[in-house]
Amino acid sequence: MSKVLTEEERTARHNEKMKKKKAAHDRIVAGKTVEKGLVAVHTGKGKGKSTAAMGMVCRAIGNGMKTGIVQFVKGAWETGEMKVFEAFPDLVEVHVLGEGFTWDTQDREADIAAARRAWDQAKSMIEDPAYRMVLCDELNIVLRYGYLPMEEVLETLRNKPADTHVIITGRNAKEELMELADLVTEMKEIKHPFRAGIKAQAGIEF
């Protein structure tokens, strides 16, 4: 029969266990010495890809890092995060160059032209070392539909300044892009209010 521990004994065991965990964690952290700009991909069917990326932009602002945002698909929506970014004009440059989703425009040539304008803007910021972070919001969608040459995007990412972070969002990220990326996160949908007839909510979707 196992011994029933006193509260003091349970506390002592817990503290010892946490002490060992911290020591192990400290050893792991001490071994990570490389510092570089990352390519991060947020993909998957679940909500939160762009939201998480905007959170990273907020972190960059907090660290005094100049950041560029290019929206490839979404049109000129009034969103809460954009109103926040307006308070930091010296640190955040936003270009909303999408014309809506492909099912809205129903014009492939216009979609391709919009994707090219957005990519040219994003590429110029990625190549400019003054920008420490560049968010390419919904780039995965235009790559999925073949509106931009994948190899051109990959080549730009391979040759970006060493300290620049690039975040790419959107469903159905291409394998080649995920292979090149340093960080890939897949958002998985478990439950979504839209399926229950609830419309988009301020503070949640925009």
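Check the entry above for the structure.
Values in this document were obtained by computation on a predicted structure and should not be read as measured data.

Draft legend 1. Structural detail: the overall build of the protein. What the protein contains, in helices and strands, is 8 helices and 6 strands. Starting at the N terminus and walking to the C terminus, you meet the elements of the protein as α-β-α-β-α-β-α-α-β-α-α-β-α-β. For a compact globule of 206 residues, the expected C-alpha radius of gyration is about 17 Å, and the protein comes in at 21 Å, more than 25% above that figure. Seen through its C-alpha atoms, the protein measures out along the principal axes to roughly 75 × 45 × 35 Å. For the protein, the proportion of contacts with a sequence separation of at least 24, taken over those separated by at least 6, is 80%. Of the accessible surface of the protein, which amounts to about 13000 Å², a share of 54% is contributed by carbon and sulfur atoms. Considering the protein, the positive charge centre built from 32 side chains and the negative charge centre built from 32 side chains are found 9 Å apart.

Draft legend 2. Main features of the packing of aromatic side chains. For the structure on display, the rule yields 1 aromatic pair. Note on Tyr-145 and Tyr-147: the rings are 5.8 Å apart at their centroids and 25° apart in plane angle, and the pair reads as stacked. Judged by relative accessible area, which is 33%, Tyr-145 ranks as partly exposed.

Draft legend 3. Spatial organisation of unusual backbone geometry. Positive phi, normally seen in glycine, also occurs at Glu-138, with a value near 70°. In this fold, Glu-138 is placed in the loop between strand S4 (133-137) and helix H6 (139-144). In the Ramachandran plot, Asn-172 falls in the positive-phi region, its phi being about 55° despite a non-glycine side chain. In this fold, Asn-172 is placed in the loop between strand S5 (165-169) and helix H8 (175-180). For Asn-172, a relative accessible area of 40% corresponds to the partly exposed category.

Draft legend 4. Spatial organisation of helix H7 (residues 150-158). Restricting attention to buried positions, one finds in H7 the residues Met-150, Val-153, Leu-154, Thr-156 and Leu-157. Down the axis of H7, the smallest arc covering the buried residues is 160°, so these residues share one side. In the core, the buried residues of H7 are packed alongside strand S1 (39-43), helix H5 (108-127), H6, S5 and H8.

Draft legend 5. Just the side chain of His-95, in detail. Positionally, His-95 belongs in strand S3 (residues 92-96). A polar side-chain atom of His-95 sits 2.6 Å from a polar atom in the side chain of Glu-93. Apart from the residues lying within four places of it in its own chain, the contact partners of His-95 are Ile-69, Val-70, Gln-71, Gln-121 and Met-125.

Conventions used here
- Residues numbered from 1 in each chain as written.
- Predicted model: local features only at pLDDT ≥ 70, side-chain atom pairs only at ≥ 80, totals over all residues.
- Heavy atoms only, no water.
- Helix = DSSP H or I, 4+ residues; strand = E, 2+ residues; numbered from the N terminus.
- Rg over C-alpha atoms; globule rule 2.2 N^0.38 Å.
- Contact = heavy atoms within 4.5 Å.
- Areas by Shrake-Rupley, 256 points an atom, 1.4 Å probe, with all protein chains shown as cover.
- Lys, Arg positive; Asp, Glu negative; His and termini not counted.
- Charge placed at Lys NZ, Arg CZ, Asp CG, Glu CD.
- Phe/Tyr/Trp six-rings, centres within 6.5 Å; stacked < 30°, edge-to-face > 60°.
- Buried < 20%, exposed > 50% of the residue type's maximum accessible area, 1.4 Å probe, protein only.
- Arc of directions from axis to C-beta.
- Polar contact = N/O pair within 3.5 Å; in protein donor to acceptor, adjacent residues only side chain to side chain.

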